[in-house]
Amino acid sequence: MNKLIIFSAPSGSGKTTIVKHLLSLAPLNLAFSISATSRAPRGEEVHGKEYYFLSAEEFKQRIADNDFLEWEEVYQNYFYGTLKSEVERLWAMGKNVVFDIDVAGGLRIKKQFPEQTLAIFVEPPSIAVLEERLRARQTETEEKIQMRLDKAAQEMATAHLFDVIIKNDDLPRALQEAEDLVTDFINK
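If you're wondering where the values come from, they're calculated on a predicted model, not measured in any experiment.

S.K.: A description of the UniProt feature "binding site: ATP" (unreviewed entry) in the protein should follow, citing residues and the corresponding values.
M.R.: Residues annotated by UniProt as "binding site: ATP" (unreviewed entry) correspond here to Ala9, Pro10, Ser11, Gly12, Ser13, Gly14, Lys15 and Thr16. Within this annotated set, the largest pocket is lined by Ala9, Pro10, Ser11, Gly12, Ser13, Gly14, Lys15 and Thr16. Tracing the backbone shows Ala9 in the loop between β1 (4-8) and α1 (15-23). Those residues within four positions of Ala9 in sequence are excluded, and the remaining contacts are Lys15, Ile101, Val103, Phe121, Val122 and Glu155. If you trace the backbone, Pro10 turns up in the loop between β1 and α1. Accessibility expressed as a relative area gives 0% for Pro10, which makes it buried. When sequence neighbours within four positions are dropped, the list of residues in contact with Pro10 reads Lys15, Phe121, Val122, Pro124, Leu130, Ala152, Glu155 and Met156.

S.K.: Break down the side chain of Asn168 for me, citing the residues and quoting the values.
M.R.: Relative to the helices and strands, Asn168 is located in the loop between β9 (164-167) and α7 (171-187). A polar contact of 2.9 Å, which involves the side chain of Asn168, links it to the backbone oxygen of Ser13. Residues contacting Asn168, with those up to four places away along its chain left out, are Ser13, Gly14, Val122, Glu123, Pro125, Arg133 and Ala174.

Conventions we followed
- Residues numbered from 1 in each chain as written.
- Predicted model: local features only at pLDDT ≥ 70, side-chain atom pairs only at ≥ 80, totals over all residues.
- Heavy atoms only, no water.
- UniProt positions renumbered as here; feature names shortened; annotations may be inferred.
- 1 Å grid on protein atoms, 1.4 Å probe; cavity = no way out; pocket = protein on both sides within 12 Å on 5 of 7 lines; lining within 4 Å.
- Helix = DSSP H or I, 4+ residues; strand = E, 2+ residues; numbered from the N terminus.
- Contact = heavy atoms within 4.5 Å.
- Buried < 20%, exposed > 50% of the residue type's maximum accessible area, 1.4 Å probe, protein only.
- Polar contact = N/O pair within 3.5 Å; in protein donor to acceptor, adjacent residues only side chain to side chain.

Written as structure tokens, this is what we have:
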């Protein structure tokens, strides 16, 4: 049975770093689920690699066509979601699918596939550290940073709904903890 491994966290918590580490471990047989989004690419992001970039209108049409496993309007006209076709594509390759996904989306997938899914919440050391990380990226406006910080408090309140919480206050330890959790889940 193909497995689903979800990593959710506030922006800047380190979930992407953890996911990239796990994807580098061949024995886990993981493939990354590329999310769709209506936001504009940041920096060197490429359509079909980091995200499937859709206009807000395209995204709304795909919702109407029931093309998503889950989707969320994270901010007004800023949609994120998982296309059913993406998970089907990776399962057809015999892969276990790993997600770097927002809290609401992660919980929706877990609800649809409870036995096949390991849902992991990555907790930042603090909101102050989260703010430092977001500012260090230098990719977003002050308004966007404040929106992400406001959302972070709401997201952290949902951590208890996940199967496991990894506190990312020591990156090497967090990477090892994630590796152990995913290895155990895949092998059971």
